[in-house]
Amino acid sequence: MWTELLPIGRSSASGGYRRYAWTGADADCRAWFREQAEARGLDYEVDRNGNQWAWLGDPAAGDAVVTGSHLDSVPDGGAFDGPLGVVSAFAALDELRSRGVPLDRPLGIVNFGDEEGARFGLACVGSRLAAGQLTVEQARLLTDGDGITLPRAMEAAGYDPEGIGADPERLARIGAFVELHVEQGRALDLSGDQVGIASSIWPHGRWRFDFRGEANHAGTTRLGDRRDPMPAYAETVLAARRAAELAGAVATFGKVAVEPNGVNAIPSLVRGWLDSRAAGQETLDTVVREIEGAAREHAAAHGIDLEVVRESVTPVVEFDHALRDELARLLGRDADLKVPVLGTGAGHDAGILATSVPTAMLFVRNPTGVSHSPAEFAAEDDCVAGVRALADVLEGLARR
């Protein structure tokens, strides 16, 4: 499975992946998912928001156990973030069948659409829509860098966008959702463990900072006569780093757009996107407030107009304690497998679903901690350990 999936959407220039929502690479990933489902005799369906499902047993019976993740990527991302959870889900089902395990509850595998938000700027679009955390009106306003709206992109890919929206009936069928994911950090590598259980997801969000000045000639305009938004933006980037470091949080300006974007032109607009995360909501609020305050000071000093737009905020997610404890109990029966419990600063579809269904996560060791990069990696023996752990969990949950 891994070999078949590996070439899809891979850039020959960077070695990373460009699997953006509703593109050709996304279509190829979706075709791969459907092939895996049908090859196993599973019932395949696509929901109203474009999320893919494969079922063993009748989902209408309710109390289903579901696992899976996503197949899309960040720009030039790694091979494991998302796909490892989907590949492992099918592999875990194969393992259960090889054990001859009779399951009493329906078992589902899911590929959530547009988890990374690389194309439309909002993460977890498929799961947010299903959980009602993204309204139809908000979704219809999502636009990519070429001005194409989400509905138009879905339609161009052969899907009907008219039905998008909250899907409470589908989510009500799920008794437990378990997402396996490569760890996006080095906690397991430092502890020497192959697999871990998630305790919570840090609160996090994205904010857009628009610094508006005045375009002018770079060679003829005196420094004192300029309304250049770039220095104010640059000083804000440094202020964000200082604020996060002092608070024990993280803050990143990782995306920027400049107009008119000419080498010999003073910009009229510098638009930067802030991603910030912290262990607690109060800390996150403080960091973002300090960054915005610094941005306004620097903008005023350079005669620049500033607009700050909160594009998304996800509060702290505490995974279902009873389900988390059950995972620890099920995996604790393997004397050779230590399974620590750890938090994460990365967002996931599991975090979105946690408000609607009992949800848990398993992490697989990442020896370098690198993620969202072509250097992202997980060793095969660790991935196999993750599959076996997931199979143990699914067996324990799906047998009454």
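Residues numbered from 1 in each chain as written. Predicted model: local features only at pLDDT ≥ 70, side-chain atom pairs only at ≥ 80, totals over all residues. Heavy atoms only, no water.

K.L.:
Teacher, can you tell me more about the side chain of Arg 40 here?
P.N.:
The topology assignment puts Arg 40 in the loop between helix H2 (24–39) and strand E1 (43–46). At 2.9 Å, the side chain of Arg 40 and the side chain of Gln 36 are in polar contact. Once residues within four sequence positions are removed from consideration, Arg 40 is found in contact with Met 1, Phe 90, Leu 93, Asp 94 and Arg 97. (Helix = DSSP H or I, 4+ residues; strand = E, 2+ residues; numbered from the N terminus. Polar contact = N/O pair within 3.5 Å; in protein donor to acceptor, adjacent residues only side chain to side chain. Contact = heavy atoms within 4.5 Å.)

K.L.:
Can you help me understand the packing of helix H9 (residues 229–247) against helix H10 (residues 281–301) in this one?
P.N.:
How two helices sit against one another is set out by the angle between their axes and by the gap between those axes. Close contact between H9 and H10 brings their axes to 9 Å; oriented N to C, the two are set at 155 degrees. Classified by the interaxial angle, the pair formed by H9 and H10 is roughly antiparallel. For the crossing formed where H9 meets H10, the hand is right-handed. Residues Ala 232, Glu 235, Thr 236, Ala 239, Ala 240, Ala 243, Ala 244 and Ala 247 of H9 lie in contact with H10, whose contacting residues are Thr 283, Val 287, Glu 290, Ile 291, Ala 294, Ala 295, His 298 and Ala 299. Here the contact of H9 with H10 is built from residues that sort into 11 nonpolar, 3 polar and 2 charged. (Axes fitted to C-alpha atoms, helices over the stretch in contact; angles between N-to-C directions. Parallel < 35°, antiparallel > 145°, perpendicular 65-115°, else oblique. Left-handed = near helix turned anticlockwise from the far one by under 90°. Nonpolar A, V, L, I, M, F, W, Y, C, P; charged D, E, K, R; others polar.)

K.L.:
Can you help me understand H10 in this one?
P.N.:
One full turn of an α-helix is made of 3.6 residues, so residues set three or four places apart face in the same direction. The first and last C-alpha atoms of H10 sit 30 Å apart over 21 residues, in line with the 30 Å expected at 1.5 Å per residue. Within H10, the full set of buried residues consists of Leu 284, Val 287, Val 288, Ile 291, Ala 294, Ala 295 and Ala 299. The buried residues of H10 occupy an angular sector of 135 degrees when the element is viewed end-on, so they sit on one face. Exposed side of H10, more than 90 degrees from the buried face: Glu 282, Arg 289, Glu 297, Ala 300 and Ala 301 are the residues found there. Taken together, the buried residues of H10 touch strand E7 (204–212), H9, strand E9 (250–259), strand E11 (269–277) and strand E12 (305–314). A positive backbone phi angle near 65 degrees is found at Gly 303, which sits one or two residues after H10. (Expected span 1.5 Å × (residues − 1). Buried < 20%, exposed > 50% of the residue type's maximum accessible area, 1.4 Å probe, protein only. Arc of directions from axis to C-beta.)

K.L.:
Any chance you could explain the packing of helix H11 (residues 321–332) against helix H13 (residues 380–398) here in plain terms?
P.N.:
Axis separation between H11 and H13 bottoms out at 9 Å; the angle between their running directions is 115 degrees. Here H11 is positioned roughly perpendicular relative to H13, judged by the angle of their axes. Where H11 crosses over H13, the two elements pack in a sense that is right-handed. Here Leu 323, Glu 326, Leu 327, Leu 330 and Leu 331 of H11 lie close against H13, whose contacting residues are Ala 389, Asp 392, Val 393, Gly 396 and Leu 397.

K.L.:
Would you take a moment to explain the environment of Ser 127 for this structure?
P.N.:
Mapped onto the elements, Ser 127 comes out in helix H4 (residues 125–131). Taking the relative accessible area as the measure of exposure, Ser 127 reaches 0% and is therefore buried. Separated by 12 residues in the primary sequence, Ser 127 and Glu 115 place their C-alpha atoms 7.7 Å from one another.

K.L.:
What's the story with the nonpolar core in this structure? I'm lost.
P.N.:
Across soluble globular proteins, nonpolar side chains show a tendency to be buried alongside one another. Membership of the largest hydrophobic core comes to 50 residues, with the highest contact counts inside it found for Trp 32, Phe 33, Phe 90, Leu 327, Leu 362 and Leu 397. Residue assignment for this core shows that the elements contributing at least two residues are H2, helix H3 (83–99), strand E4 (107–112), strand E5 (174–182), strand E6 (195–201), H11, strand E15 (359–364) and H13. Ranked by the residues each element gives to this core, the list is headed by H13, at 10 residues. Within the second largest apolar cluster, 24 residues are counted, among which are Cys 124, Ala 131, Ala 350 and Leu 353. (Core = buried A, V, L, I, M, F, W, Y, C linked by side-chain atoms within 4.5 Å.)

K.L.:
Any chance you could explain the packing of aromatic side chains here in plain terms?
P.N.:
Evaluated as defined, the whole model comprises 13 aromatic pairs. Among the aromatic residues, those joined into a cluster by ring pairs are Trp 32, Phe 33, Tyr 44 and Phe 90. In this structure, Lys 255 is placed above the aromatic ring of Trp 273, and the distance from its NZ or CZ to the ring centre is 4.6 Å. (Phe/Tyr/Trp six-rings, centres within 6.5 Å; stacked < 30°, edge-to-face > 60°. Lys NZ or Arg CZ within 6 Å of the ring centre and 35° of its normal.)

K.L.:
Just to check I follow, could you spell out the pattern of salt bridges for this structure?
P.N.:
Two side chains carrying opposite charge are able to pair once their charged atoms lie near each other. Across all of its chains, the model carries 24 salt bridges by this definition. Arg 170 serves as the salt-bridge partner of Glu 45, at 3.1 Å between the closest nitrogen and oxygen. Highlighted residues: Glu 45 in strand E1 and Arg 170 in helix H7 (residues 168–172), separated in sequence by 125 residues. Among the residues examined, Arg 170 registers a relative accessible area of 12% and is labelled buried. The network of salt bridges with common partners includes Glu 95, Arg 99, Asp 392, Glu 395 and Arg 399. (Salt bridge = Lys/Arg side-chain N within 4 Å of Asp/Glu carboxyl O.)

K.L.:
Any chance you could explain H11 here in plain terms?
P.N.:
Given a rise of 1.5 Å per residue, 12 residues ought to cover 16 Å, and the 16 Å separating the end C-alpha atoms of H11 matches this to within 8%. When we look at burial in H11, the residues that qualify are Leu 323, Arg 324, Leu 327, Leu 330 and Leu 331. One side of H11 holds all its buried residues, which, seen down the axis, span an arc of 125 degrees. Exposed residues pointing more than 90 degrees away from the buried face of H11 are listed as Ala 322 and Gly 332.

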